[in-house]
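The chain contents come next:
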Amino acid sequence: MNHIDISSCLRQTLACDLYSNLVTRPTGAAVRGQIERLLSESHERALTVIDFSHVSMMDFSCADEVIAKLLIRYVSDEAPQDAYFIFRGVTEDHRDAIETVLERHGLALALELGDGVEVMGVLSDAERRVWDASYRLGRAPASDVANQIDADPEHALRVLDALCRRRLMMRIDDEYVVVGTARG
Amino acid sequence: MTTVITVPPSLDDHSFEQVLEQVAPLPADAKILVDARHARWASPYGLTALLTLAQTRTERPAFAVPEQEETASYWARAAFFHHAEALYDLHGTYPKRRDLADSGTLLDITPITKSEDVHNVVGRVQERAQSIIKNELKLESKAIMGFAMTLSEVCQNIIEHAGQGGWVAVQSYKWTKRLGRRVVVIAVCDAGLGFRRSLEMTPGHVPSARWDDASALEEAVIRGVSRFRDRGRGQGLAGARNYVGRWNGKLAVRSGTARISIVPAWDDDVPLVEGLAPFPGAQVQVIIPEALAGGSER
């Protein structure tokens, strides 16, 4: 598993290291460039912790550049690699900007909390039910998820695959696991 | 011939219109003297707008400084004369900034020309804003981060859309005249492209039958439209609008001949004013008031 400290990326981006704020669009674009460079050095399939622990504040423009554009690239069919993300150190101070940009683009991300993982952003009701069931089950085949929510297995499979495309779940052999709950 | 432009005794976003009405009939190269001798008070908007006014003139204007010592001293501490020296021929006496104590304002008048300036401004304001918003405005701590985000976004508006630099100032004061409570005010002014011209640069832009400064402001401020095709654009002013709505504040954006405002219950301003005297660029003001005891406004 990779670990990317956003404040380190920020320091490498700015000419001076006095500021720990993720503000302005050019700064966000430069930080995302750093993240993508580090990702390109990792394995074809990788889970990466994006760590905001040392970031004081983030504005909407920067959240759009760092988070939304990163996710848009890696959920697309032309993603450069099979990358998954878990976001760490996101505080109440960051939430407003992150939720706003996720909503704007219809995106979602996995957020590491002290006692588990949460999905932040836009999920359909079906995606939410399947994700919740998978989170409770841990690594499991689609049939177990279907049983858990009393759904048609084909439907559960479709939703699980959609969640994998959205980088919220990983498929390992014939089983599925919520990103951030197993180091698969 | 020099035309004298009289600055009203109390200079804020509304009374600055009197200044613009005097300037509007004059060609940009006409010689003017901006007479602030009788000015007694100016809001951050008033001070930044005066600097912006000078930037719209092709003939270097003259400026008569306030006669009242206290006023001149305050303007000096807010860095007005420091910047005005480069834009106006100043007449009258005023204290040098280096001889004065710290202004105590959240942010003295500061030029914004590049992204690094926004980092600098946000970094400088953050610590002082924390204390003022929590202790003086008595708002929840959630309001602090939103304030810095709003400041950042309105400053970026200059860099992204003005095509030239602008000015920002942030002050906290008791707004006795209109509200009787403390407020924190952000003023951001530039003499750049303005919203209408900026949106006209959108690829494939087709102006509607009623396309003017007012409709451009409605597009940008209310509907979050940006000249960039990128879906993520236009969130900055939308974020500022949400922030003032949440904390019972006011957002006013003037551009060209129109002003649009998000008007809280405590203010009697109108949401959209058209047919104002023309003024290049964009001028933004954010006002966040002290919370009422018991939070009865929200």
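Counting restarts for each chain: residues are numbered from 1 in the order of the written sequence. The lettering of chains begins at A and the numbering of ligands begins at 1, in the order of writing. With the structure being a predicted model, the display of local features is reserved for residues of pLDDT at least 70 and the display and counting of side-chain atom pairs for 80 or more, all residues being used for whole-chain, interface and lining totals.

What to know about the overall build of chain A
- Of regular secondary structure, chain A possesses 7 helices and 8 strands.
- In terms of overall size, chain A behaves like a compact globule, its C-alpha atoms giving a radius of gyration of 17 Å where 184 residues would be expected to give roughly 16 Å.
- Overall, chain A is about 55 × 30 × 30 Å in size when its C-alpha atoms are taken along their principal axes.
- Our exposure labels follow a C-beta count within 10 Å of each residue's own C-beta, placed from the backbone: buried means 20 or more other C-beta atoms, exposed means 12 or fewer, and partly exposed covers the counts in between. Burial statistics for chain A: of 184 residues in total, 42% are counted as buried. Numbering goes from the N terminus for both helices and strands, where a helix is a DSSP run of H or I of at least four residues and a strand is a run of E of at least two. For the radius of gyration, the atom set is restricted to C-alpha positions; the globular benchmark scales as 2.2 Å times the number of residues to the power 0.38.

Looking at the overall build of chain B
- Scanning chain B from terminus to terminus reveals 9 helices and 13 strands.
- Taken over C-alpha atoms, the radius of gyration comes to 19 Å for chain B, in line with the 19 Å a tight globule of 298 residues would show.
- Here the C-alpha coordinates of chain B stretch approximately 50 × 50 × 35 Å along the principal axes.
- A total of 298 residues make up chain B; the buried ones form 50% of that total.
- Residue pairs in contact within chain B that sit at least 24 positions apart in sequence constitute 70% of those at least 6 positions apart. Whether two residues are in contact depends on their C-beta atoms, placed from the backbone: they are in contact if these lie within 7 Å.

A short note on the interface of chain B and chain A
- In this assembly, 18 residues from chain B lie in contact with 23 residues from chain A.
- Of all the elements in the fold, those that place two or more residues in the side of chain B that touches chain A are helix H5 (115-136), helix H6 (142-162) and helix H9 (235-246) of chain B.
- Sort the elements by how many residues they give to the side of chain B that touches chain A and H6(B) lands first, with 8 residues.
- Of the residues contributing to the side of chain B that touches chain A, the split by class is 5 nonpolar, 10 polar and 3 charged. Residue polarity is assigned by list, with Asp, Glu, Lys and Arg as charged and Ala, Val, Leu, Ile, Met, Phe, Trp, Tyr, Cys and Pro as nonpolar; anything else, Gly included, falls into the polar class.

Observations regarding the nonpolar core
- Think of a nonpolar core as buried Ala, Val, Leu, Ile, Met, Phe, Trp, Tyr and Cys residues chained together by C-beta atoms that fall within 7 Å. One finds A:Ala63, B:Ala148, B:Leu151, B:Val168 and B:Val170 to be the most contacted residues of the largest nonpolar core, which totals 147 residues.
- Considering each element in turn, this core owes the most residues, 12 residues, to H6(B).
- Excluding residues within four positions of it along the chain, B:Ala148 makes contact with A:Met57, B:Val122, B:Val125, B:Gln126 and B:Ala129.

What about unusual backbone geometry?
- Here A:Asp150, not a glycine, exhibits a phi torsion of approximately 55 degrees, which is positive.
- With respect to the helices and strands, the residue A:Asp150 is situated in the loop between helix H6 (142-149) and helix H7 (153-165).

Concerning the packing of H6(A) against H7(A)
Residue and element names in this part refer to chain A.
- Where H6 meets H7, the closest approach of the two axes is 8 Å, and the angle between their N-to-C directions is 110 degrees. As judged from the angle between their axes, H6 and H7 are roughly perpendicular. H6 and H7 meet at a crossing whose hand is right-handed. Of the residues in H7, those touching H6 at Ala142, Ser143, Val145 and Ala146 are Pro153, Ala156, Leu157 and Leu160.
- Classifying every residue of the contact of H6 with H7 gives 7 nonpolar, 1 polar and no charged. Interaxial angle, 0 to 180 degrees, is taken between N-to-C directions of lines fitted to C-alpha atoms, where a helix line uses only the stretch in contact. An angle below 35 degrees is treated as roughly parallel, one above 145 as roughly antiparallel, one from 65 to 115 as roughly perpendicular, and anything else as oblique. Crossings are assigned a handedness: left-handed for a near helix turned anticlockwise from the far helix by less than a right angle, right-handed for a clockwise turn.

Focus on the domain arrangement of chain B
Residue and element names in this part refer to chain B.
- Domain segmentation is taken from an automatic or database assignment of domains. When the domains of chain B are assigned, the result is domain 1 (1-98) and domain 2 (104-298).
- The straight-line distance from the C-alpha centre of domain 1 to that of domain 2 is 22 Å.
- In this complex, domain 1 contributes 19 residues to the contact, which on the side of domain 2 involves 21 residues.
- Of all the elements in the fold, those that place two or more residues in the side of domain 1 that touches domain 2 are helix H1 (16-23), helix H2 (44-55) and helix H4 (80-84).
- In terms of residue count, H2 provides more of the side of domain 1 that touches domain 2 than any other element does, 8 residues in total.
- Partitioned by chemical class, the residues of the side of domain 1 that touches domain 2 number 10 nonpolar, 6 polar and 3 charged.

So, the environment of A:Asp144
- The residue A:Asp144 is located in helix H6 in this model.
- Expressed as a C-alpha distance, the spacing of A:Asp144 and A:Ala156, which sit 12 residues apart in the sequence, is 9.3 Å.

Focus: the sheet that holds strand E8 (residues 175-178) of chain A
Residue and element names in this part refer to chain A.
- The 3 strands lie next to each other as E6-E8-E7, forming an open sheet whose pairing is antiparallel. Two strands in the sheet have a free side with no partner beyond their single neighbour: strand E6 (140-141) and strand E7 (169-172).
- A strand pair is defined by DSSP finding two or more bridges across the two strands. Pairing of E6 with E8 involves 2 bridges; the strand directions are antiparallel. Across the sheet, Ala140 pairs through a bridge with Tyr176, a residue of E8.
- Sheet strands touched by helix H5 (residues 125-137): E6, E7 and E8. Its angle to E8, the strand with the most contacts, is close to 95 degrees.
- In the packing of H7 onto the sheet, the strands contacted are E7 and E8, and the crossing angle to E7 comes to about 110 degrees.

Here's the deal with the confidence of the model for chain B
- Summary statistics for chain B give a mean pLDDT of 90 and a share of 96% for residues scoring 70 or more.
- Predicted complex metrics record ipTM = 0.84 and pTM = 0.89. Every residue is assigned a pLDDT by the predictor, reflecting its confidence on a scale from 0 to 100.

Focus on the sheet that holds strand E2 (residues 45-51) of chain A
Residue and element names in this part refer to chain A.
- The 5 strands are arranged E1-E2-E3-E4-E5 in an open sheet whose pairing can be described as mixed. Of all the strands in the sheet, just strand E1 (2-5) and strand E5 (116-121) have a single pairing partner and so form its edges. Between one strand axis and the next, the sheet turns through 35 degrees on average, direction left out of account.
- Where E1 lies against E2, 4 bridges are found, and the strand directions are parallel. For Asp5, the partnering residue across the bridge sits in E2 and is Asp51.

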